[in-house]
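Coordinate analysis (summary)
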Amino acid sequence: AAHAPAPAGPPAKPKEPLPEVELDCDSPAFVDALSKLAETLGVPKDHSAEAMVRACASVLKRKLSAEALAKATAVKGGGNKGKRAFSIDDYPPGFDTGDRELNQAASLLRLLYVADLRKLQDEVNTLISQMQEYTANPKTDSSLGKVGR
């Protein structure tokens, strides 16, 4: 009888199921914690806790995607002579979670959010500039209007 090849490396551990957690979404502690998380992530407050949880999850999913993390950690350009290396510890998250790694993750999320806001602000500034050019240099057709009554 033929033997199956032995698996390479140690056998994979079976994943333990996550413990079930019951949350009282109406409790003041939950609402307060959710509000703090939403504020940290820049998610607008909503009357529905479920909507805020979904919005926070969406922001975290987008900010912590493999692509976003790779983009955030990519080295851009080489001109760093005389400059010290970037340190996440130089950018505190604005609150303390009690865990250094969690604080660093929050700092990273905050920096990514500020970068998104900067991009949005640049787009708004471009739009305002275009509108000002349009309104500052009106092209009028005198045959369309009358002066006076």
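Scoring rules and cut-offs
- Residues numbered from 1 in each chain as written.
- Predicted model: local features only at pLDDT ≥ 70, side-chain atom pairs only at ≥ 80, totals over all residues.
- Heavy atoms only, no water.
- Helix = DSSP H or I, 4+ residues; strand = E, 2+ residues; numbered from the N terminus.
- Buried < 20%, exposed > 50% of the residue type's maximum accessible area, 1.4 Å probe, protein only.
- Contact = heavy atoms within 4.5 Å.
- Areas by Shrake-Rupley, 256 points an atom, 1.4 Å probe, with all protein chains shown as cover.
- Patch = residues over 30% accessible without salt bridge, like charges linked within 9 Å, V, L, I, M, F, W, Y side chains within 5 Å.
- Salt bridge = Lys/Arg side-chain N within 4 Å of Asp/Glu carboxyl O.
- Axes fitted to C-alpha atoms, helices over the stretch in contact; angles between N-to-C directions.
- Parallel < 35°, antiparallel > 145°, perpendicular 65-115°, else oblique.
- Nonpolar A, V, L, I, M, F, W, Y, C, P; charged D, E, K, R; others polar.
- pLDDT = per-residue confidence, 0-100.
- Expected span 1.5 Å × (residues − 1).
- Left-handed = near helix turned anticlockwise from the far one by under 90°.

Description of the overall build of the protein chain
Broken down by element type, the protein chain carries four helices and zero strands. Counting all 149 residues of the protein chain, 13% fall into the buried class. Partitioning the contacts of the protein chain with sequence separation of at least 6, the portion at a separation of at least 24 is 26%. Summed over its atoms, the accessible surface of the protein chain is roughly 13,300 Å², and 58% of this surface lies on carbon and sulfur atoms.

Regarding the side chain of S107
As for its placement among the helices and strands, S107 is situated in helix 4 (residues 100-136). Exposure remark for S107: the relative accessible area of 3% places this residue in the buried category. Every residue in contact with S107, bar those within four places of it in the chain, is listed here: I88, Y91, P92 and P93.

Quick notes on a nonpolar patch on the surface
Together, L117, L120, V124 and I128 make up an exposed nonpolar region whose accessible area comes to about 310 Å². Residue L117 is classed as partly exposed on the basis of its relative accessible area of 39%.

Some remarks on the packing of helix 2 (residues 49-63) against helix 4
One can describe the packing of helix 2 onto helix 4 by two numbers: an axis separation of 11 Å at closest approach and a directional angle of 90 degrees. Relative to helix 4, the element helix 2 lies roughly perpendicular. Side by side, helix 2 and helix 4 meet where L60, R62 and K63 of the first sit next to L109, L112, Y113 and D116 of the second. Of the residues belonging to the contact of helix 2 with helix 4, the class tally is four nonpolar, no polar and three charged.

Section: the side chain of S35
The residue S35 is located in helix 1 (residues 28-41) in this model. A relative accessible area of 17% means that S35 is categorised as buried. What S35 contacts, discounting residues up to four positions off in sequence, is K45 and M52.

A few points about the environment of P44
Relative to the helices and strands, P44 is located in the loop between helix 1 and helix 2. What makes P44 exposed here is its relative accessible area of 64%. For P44 and C56, which are twelve residues apart along the polypeptide, the C-alpha to C-alpha distance reads 9.6 Å.

Looking at the confidence of the model for the protein chain
Segments scoring low in pLDDT should not have their predicted coordinates read at a detailed level. Per-residue confidence for the protein chain averages 76 on the pLDDT scale, and 70% of its residues sit at or above 70. Helix 4 holds the highest mean pLDDT among the elements of the protein chain, 89, whereas helix 3 (residues 66-73) holds the lowest, 76.

Considerations on helix 4
Helix length check: helix 4, at 37 residues, gives a terminal C-alpha distance of 53 Å against a target of 54 Å (1.5 Å per residue), a fit within 8%. Listing the buried residues of helix 4 in full gives N103, A106, S107, L109 and L112.

Re the packing of helix 1 against helix 2
Where helix 1 contacts helix 2, the two axes come as close as 10 Å, and the packing angle between them is 40 degrees. For the pair helix 1 and helix 2, the crossing hand works out as left-handed. Between helix 1 and helix 2, the residues in contact are F30, L34, S35, L37, A38 and L41 and A49, M52, V53, C56, V59 and L60, respectively. Among the residues forming the contact of helix 1 with helix 2, the class breakdown is eleven nonpolar, one polar and no charged.

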